[in-house]
Amino acid sequence: MRQKYKYGIDFGTTNSSIACVIDDGNGNKTVKAFAVNGNKNRSEFIRSIVAFKDGEVIVGDGARQANASDIVTEVKTKLLARKCDDVCAMHQGEKYYYSDVMAAILKYLKSAADRQKGSIIISGVVMGIPNETEESVKAVYYDALCKAGFYRTREEAIEKTEFLEESVAVAMYYGANKEWQNKRALIFDFGGGTLDLAVVDLKSQDLTHVCERHQVYSKSRLSTAGERITRELFLKVFLPRYGEAFFNGNEKQTIHLIGKLCDSLTDDPAELWDELKNSTIGMSFVQKMTRVKEELSFNDFASLSMSYGETNGRCVIEEIYIEREDFEAAIESEMMRIQEKINALLSNPEKPCPNIDMVLMAGGSSSIPAVRRLLQNRFGKDKVFFDDYHRGCYYINVMTCTALGFAYAGAMGVAAAVDDVTSFDYGFYDAVQKKVQVIIKKNTKFSDATFSPLTKESKFYCDVRQTDPKQRFFSFDLCEGERKVAHFRLDNKNGSGKYRLFFYIDAERGLLLYSMYDREMHTDITEQLLDEERSYKIVKE
């Protein structure tokens, strides 16, 4: 019987791609990112843009060129901020939710992959998520996958979808290189929406067998990325230098091209940048600014020009030049934030990580020279690997390595290939002290938080007691970080009121589980919890 595999999907803020393991049935397995774009220079990924025009939904580069009245960009970043499936676009009186826009992109990817996968049997999806993604966001992903045609029902999506942090997927893909196994790597995944960092001990494994699971040491996330870098270029270089064409002196009244591009009357340049992305012409300008940023990653200067016609005349940005030196000065504060985040991750007093053997880079924004210099200065040139043949040993593909890593995970199983760590603190809300009592700390290894069948205990626990002996029910709120995510009650009718609450993790099912023990009566009272489910889903569902 042929083995079943899962699609690996990198749904990005700026670009998206899909990959899978290709098996010829004779023991020869390779991992492949499918061609999803007609542009030969970057055929393995599409722009994460959706446009609505005359009732038609247009995806990718076509959306940029459609001259549509409604266009949606950065849906992933917006969803991470919103944390629920809200309306993100209106077209011809119809509402489009985040899951609808995501589904349009995912459907496009699925169609391309289905045409190229051959006889490979697809059993599900490994879906990429940034570090520290909340469960409410994953729920939107399930709905989007169903709408895109990957599954028939939400129940099937929950059963067959695995989630994996993008930074860990990068480690899985490059960890298949035998020259890099048994080394500690800092994964630097710098995309369009977030910077994800992970420290991973790479172990011996490939597509045919897993000798030892990769050990995730710690993870972190910073809300800076390619879009924010472009914004800084606009605010700190473009507007100050050419602002007289767009703002009238100190009054900052929008009088020229930029304001007309988005029909904006705002006097706040930062708000103006956000409004530009909500119109087709304005988005065209944003894309040109993005192209300037990309060109400055490889050249000492870049040029920009644009014209915009209207009934009363024609507005023109004549060709202007921006130098890399000015660009790097504009993003200096962002580079400092990145440096501080790396230092905080590696020097955490609870989990210090002094020895990094190599830095593996992913994401389009990792091409920025200032970013690479920062890492080379911090770790040494020979330890930083990016989009090049590094000492002739291995090729780094920063644009597709994440999707390829998800495909690896789909072939081997996430839990079987990776010993992950928690992305949040987990505990319960103490109503007496009015704060969260942390039981399992962030970056705790799943394997360290297991349940002992012998003692029926976990080493992660907290003693609690009923404050009011007359109160019938003892209740507590489960917290993920500072957020209350579940509520549970215990019938205290026959209990002592003095309990021990155990937390532990089932890595195979991706569940945070808990049990309760009556300390005075010396009995396990978990079954007396009134809720049907005595677990919380933290990894996959």
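Residues numbered from 1 in each chain as written. Predicted model: local features only at pLDDT ≥ 70, side-chain atom pairs only at ≥ 80, totals over all residues. Heavy atoms only, no water.

*Asks:* Would you take a moment to explain the overall build of the protein chain for this structure?
*Replies:* A tally of regular secondary structure across the protein chain gives 15 helices and 28 strands. By residue count, 55% of the 541 residues in the protein chain fall in the buried class. Of the roughly 24100 Å² of accessible surface on the protein chain, a fraction of 45% belongs to carbon and sulfur atoms. (Helix = DSSP H or I, 4+ residues; strand = E, 2+ residues; numbered from the N terminus. Buried < 20%, exposed > 50% of the residue type's maximum accessible area, 1.4 Å probe, protein only. Areas by Shrake-Rupley, 256 points an atom, 1.4 Å probe, with all protein chains shown as cover.)

*Asks:* Sorry if this is basic, but what is going on with the sheet that holds strand β17 (residues 358–362) here?
*Replies:* Two strands in a sheet stick together by hydrogen bonds in their backbones, pointing the same way (parallel) or opposite ways (antiparallel). Within the open sheet, the 6 strands sit side by side as β18-β17-β12-β13-β14-β19. Their pairing is mixed. Each edge of the sheet is formed by a strand with only one pairing partner; in this case those strands are β18 (384–385) and β19 (418–419). Where strand β13 (residues 195–201) lies against strand β14 (residues 214–222), 7 bridges are found, and the strand directions are antiparallel. Bridge pairing in β14 places A198 opposite K219. (Pairing = 2+ DSSP bridges.)

*Asks:* I'm lost on the packing of aromatic side chains in this one. Help?
*Replies:* When we look at a pair of aromatic rings, we describe it by the centre distance and by the angle of the planes. What the rule picks out here adds up to 14 aromatic pairs. Aromatic pair Y7 and F34: ring centres 6.3 Å apart, planes at 85 degrees, arrangement edge-to-face. Residue Y7 is found in strand β1 (residues 4–11), and its partner F34 is found in the loop between β3 (29–33) and β4 (46–47); the two are separated by 27 residues along the sequence. A centroid spacing of 4.2 Å and a plane angle of 35 degrees characterise the contact between F52 and Y96, whose relative ring orientation is tilted. Residue F52 is found in strand β5 (residues 49–53), and its partner Y96 is found in strand β9 (residues 94–97); the two are separated by 44 residues along the sequence. With relative accessibility at 12%, the residue Y96 sits in the buried group. Connected via pairs of aromatic rings, a cluster forms that spans Y173, Y174, W180, F385 and Y408. Across from the ring centre of F150, 5.8 Å away, lies the NZ or CZ of K110, which sits over that ring. Here the guanidinium or amino end of R378 rests over the ring plane of F379, the centre of that ring lying 4.9 Å away. (Phe/Tyr/Trp six-rings, centres within 6.5 Å; stacked < 30°, edge-to-face > 60°. Lys NZ or Arg CZ within 6 Å of the ring centre and 35° of its normal.)

*Asks:* Which parts of the structure should I look at to understand the side chain of S297?
*Replies:* Mapped onto the elements of the fold, S297 is located in the loop between α10 (280–295) and β15 (301–310). Residue S297 is classed as buried on the basis of its relative accessible area of 10%. Sequence-distant contacts of S297, defined by excluding residues within four places in its chain, comprise R324, S367, I368 and P369. (Contact = heavy atoms within 4.5 Å.)

*Asks:* Looking at this structure, how should I read the confidence of the model for the protein chain?
*Replies:* The predicted coordinates ought not to be read in detail in places where the model reports low pLDDT. Looking at the protein chain as a whole, its pLDDT mean stands at 81, while 82% of the residues score no less than 70. By mean pLDDT, the top-scoring element of the protein chain is helix α3 (residues 98–116) (95), and the lowest-scoring one is helix α8 (residues 257–262) (50). Across residues 245–257 the pLDDT falls below 50, and counting only partners more than four positions away or on other chains, this stretch makes 32 contacts in the model. Contacts for the low-pLDDT stretch residues 310–314, under 50 throughout, to residues beyond four places or in other chains number 5 contacts. (pLDDT = per-residue confidence, 0-100.)

*Asks:* How should I be thinking about unusual backbone geometry in this particular structure?
*Replies:* With the exception of glycine, the majority of residues adopt a negative phi angle, and the majority of peptide bonds are in the trans configuration. We note that E132 has phi near 65 degrees; this positive angle belongs to a residue other than glycine. Structurally, the position occupied by E132 is in the loop between β10 (121–129) and α4 (135–147).

*Asks:* Help me understand the pattern of salt bridges in this model?
*Replies:* When charged atoms on two side chains of opposite charge get close, those side chains can pair. Per the stated rule, a full pass over the model turns up 23 salt bridges. Between D114 and K110 there is a salt bridge, and its shortest N-O distance comes to 2.7 Å. Taken together, the positions of D114 and K110, both in helix α3 and 4 residues apart, correspond to about one turn of that helix. In this structure, R519 engages D463 in a salt bridge whose closest nitrogen and oxygen atoms are separated by 3.9 Å. In this pair, R519 sits in the loop between β26 (511–518) and β27 (523–524) while D463 sits in strand β22 (residues 460–465), placing the two residues 56 residues apart along the sequence. Residue classification places R519 among the partly exposed residues on the basis of a relative accessible area of 30%. (Salt bridge = Lys/Arg side-chain N within 4 Å of Asp/Glu carboxyl O.)

*Asks:* Got a minute to help me understand the sheet that holds strand β24 (residues 483–491) in this structure?
*Replies:* One open sheet accounts for 4 strands, arranged β21-β20-β23-β24; its pairing is antiparallel. The outermost strands of the open sheet, each flanked by one partner alone, are β21 (435–440) and β24. Strand-to-strand twist across the sheet, computed as the mean angle between neighbouring axes with direction ignored, equals 35 degrees. Relative to β24, strand β23 (residues 473–480) is paired through 8 bridges, and the arrangement is antiparallel. Looking at the pairing, C479 lines up with K484 of β24. (Axes fitted to C-alpha atoms, helices over the stretch in contact; angles between N-to-C directions.)

*Asks:* Sorry if this is basic, but what is going on with helix α6 (residues 166–174) here?
*Replies:* Since the α-helix advances by 3.6 residues per turn, residues separated by three or four positions end up pointing in the same direction. A large share of α6 lies buried, amounting to 9 of its 9 residues. Within the sequence span of α6, burial applies to E166, S167, V168, A169, V170, A171, M172, Y173 and Y174.

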